[in-house]
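# Coordinate inspection notes
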Amino acid sequence: MSVLRVMAGSLVLLAALAACGGGPAGAPQPAPTTPQATSRTSAAAPASSTPAVPDQLKFTAKTVDGKELNGADLAGKPVVLWFWAPWCPKCQREAPGMAAAAKEHAGKVTFLGVAALDKVPAMQQFVQKYGLQSFQHVADEDSAVWKRFGVTAQPAYAFVGADGKVDVVTSQLSEEDLKQRLSTIA
């Protein structure tokens, strides 16, 4: 009888451990604590005559200048989403490089800033101060777009290929890493 109890207890323990393995499917994961860039990739949607819209791009939001933006309109073309916050020192250091990259890849890659963790006036000031007017920025005050991409800290990036493949990087990238990733989706 005690052997059965040990076996039953072991099964209960294994089931409990398996349930702790990372939360529900699709739940945002915490940002990595290492300085290495990590990424999560979702598979591209099947090919069809109209571009498939990745689930992450199925959102609507207001830009920092009050315009409506439909994420699905970005499907079918290379896109970089840059997740930032106005008070973030890393984001402040990255901003000039992002502005330069957006200008360099104009017409080939669409850039979209996704600002959160602050209010719209601070977001507008950030865009103005760092010369980021060459691309749109979403005012993601409730972090809904961040959650769609599993972003929990800034800076972070989502690289969306024209084929719908989404690669999310949840840590800061060097300018060289950014250039390399842009060359693969452009």
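Now for a quick tour of the structure. Sequence positions are assigned chain by chain, starting from 1 and proceeding in written order. The predicted nature of this model means local features are confined to residues of pLDDT at least 70 and side-chain atom pairs, given and counted, to a pLDDT of 80 or more, with totals for whole chains, interfaces and linings taken over all residues. Calculation of side-chain values draws on the structure's entire complement of heavy atoms; hydrogens and water are dropped beforehand.

Another aspect to go through is the environment of Cys91. Counting from the N terminus, the helices are DSSP H or I runs at least four residues long and the strands are E runs at least two residues long. Note that Cys91 resides in helix 2 (residues 89-104). Sequence separation of Cys91 and Pro155 is 64 residues, and the distance between their C-alpha atoms is 5.9 Å. Ignoring any residue separated from it by four or fewer positions in sequence, one finds Cys91 in contact with Trp82, Trp84, Ala85, Phe126, Gln154 and Pro155. Whether two residues are in contact is decided by their heavy atoms, any of which lying within 4.5 Å being enough.

In this section: helix 3 (residues 120-129). Think of it in three bands: residues with accessible area under 20% of the maximum for their type are buried, residues over 50% are exposed, and the middle band is partly exposed, with areas taken using a 1.4 Å probe on protein chains only. Those residues of helix 3 not exposed but buried are Met123, Phe126 and Val127. One side of helix 3 holds all its buried residues, which, seen down the axis, span an arc of 95°. Facing away from the buried side of helix 3 by more than 90 degrees, the exposed set consists of Pro121, Gln125, Gln128 and Lys129. The elements touched by buried residues of helix 3 are strand 4 (79-84), helix 2, strand 5 (110-115) and strand 6 (136-139). The arc in question is formed by the directions pointing from the helix axis toward the C-beta atoms.

Another aspect to go through is the side chain of His105. Counting through the fold element by element, His105 comes out in the loop between helix 2 and strand 5. Residue class for His105 comes out buried when judged on its relative accessible area of 9%. Discounting chain neighbours no more than four positions away, the residues touching His105 are Phe111, Leu182 and Ala186.

Once that is clear, we can look at the layout of surface pockets. Here the second largest pocket is characterised by a volume of approximately 180 Å³. Elements that contribute at least two residues to the lining of the second largest pocket include exactly strand 7 (156-160) and helix 5 (175-185). The dominant element in the lining of the second largest pocket, judged by the number of residues it contributes, is helix 5, at four residues. Class assignment for the residues of the lining of the second largest pocket results in four nonpolar, three polar and four charged. Both cavities and pockets are sets of points on a 1 Å grid over the protein atoms alone; in a cavity a 1.4 Å probe fits but cannot get out, in a pocket the set is open with protein on both sides within 12 Å along at least five of seven lines, and lining residues sit with an atom within 4 Å of a point. Grid points are joined across faces, edges and corners, and a volume is the space filled by probe spheres set on the points. In this count, Pro and Cys sit with the nonpolar residues alongside Ala, Val, Leu, Ile, Met, Phe, Trp and Tyr, while Asp, Glu, Lys and Arg are called charged and the others, Gly among them, polar.

What follows covers unusual backbone geometry. The omega angle of the peptide bond from Gln154 to Pro155 is -10°, so this bond is cis rather than trans. Following the sequence through the fold, Pro155 ends up in the loop between helix 4 (144-148) and strand 7. The residue Leu117 is not glycine, and still its phi comes out positive at about 65°. Tracing the chain through its elements places Leu117 in the loop between strand 5 and helix 3.

The nonpolar side chains of a soluble globular protein tend to be buried with one another. Put simply, a nonpolar core is a bunch of buried Ala, Val, Leu, Ile, Met, Phe, Trp, Tyr and Cys residues held in one set by side-chain atoms that sit within 4.5 Å of each other. Core analysis: the largest hydrophobic core is formed by 29 residues, its most contacted members being Trp82, Trp84, Phe111, Phe126, Leu132 and Phe159. Considering each element in turn, this core owes the most residues, six residues, to helix 2. Once residues within four sequence positions are removed from consideration, Phe111 is found in contact with Val80, Met98, Ala101, Ala102, His105, Phe135, Gln136 and Leu182. By size, the runner-up hydrophobic cluster in this structure holds 21 residues, among which are Phe59, Ala61, Leu74 and Leu81.

Let us look at the pattern of salt bridges. What counts as a salt bridge is simple: a side-chain nitrogen of Lys or Arg found within 4 Å of a carboxyl oxygen of Asp or Glu. According to the stated counting rule, one finds four salt bridges in the structure shown. In this structure, Asp65 engages Lys67 in a salt bridge whose closest nitrogen and oxygen atoms are separated by 3.8 Å.

Let us look at the packing of aromatic side chains. The aromatic pairing rule takes the rings of Phe, Tyr and Trp, using the six-membered ring of Trp, and pairs them if the centres are within 6.5 Å, calling planes under 30 degrees apart stacked, those over 60 edge-to-face and the rest tilted. Counted by the stated rule, this structure contains eight aromatic pairs. Measuring from ring centre to ring centre gives 6.1 Å for Tyr157 and Phe159, while their planes differ by 25°; the resulting arrangement is stacked. What makes Phe159 buried here is its relative accessible area of 3%.

Looking now at helix 2. Each helix should span, by expectation, one fewer than its residue count multiplied by 1.5 Å. For helix 2, which comprises 16 residues, the first-to-last C-alpha distance of 24 Å matches the rise-based estimate of 22 Å (1.5 Å per residue) to within 8%. At Ala95, helix 2 shows its maximal bend, which comes to roughly 40°, and the proline Pro96 appears one to four places after that position. Buried within helix 2 we find Cys91, Glu94, Ala95, Met98, Ala99, Ala101 and Ala102. On the buried face of helix 2, the contacting elements are strand 4, strand 5, helix 3, strand 7 and helix 5. To obtain the bend at a residue, axes are fitted to the seven residues ending there and to the seven starting there, and the angle between these axes is taken.

The next thing to look at is the pairing of strand 6. One ladder, built from four bridges, connects strand 5 with strand 6; its direction is parallel. Along strand 6, the bridge assignment pairs Leu112 with Gln136. Crossovers are described as right-handed under a simple rule: with the strands pointing away from the observer, the path leading from the first strand over the helix to the second runs clockwise. In the classification by handedness, the crossover that spans strand 5, the intervening helix 3 and the parallel strand 6 is right-handed. Note on pairing: two strands pair once DSSP finds at least 2 bridges between them.

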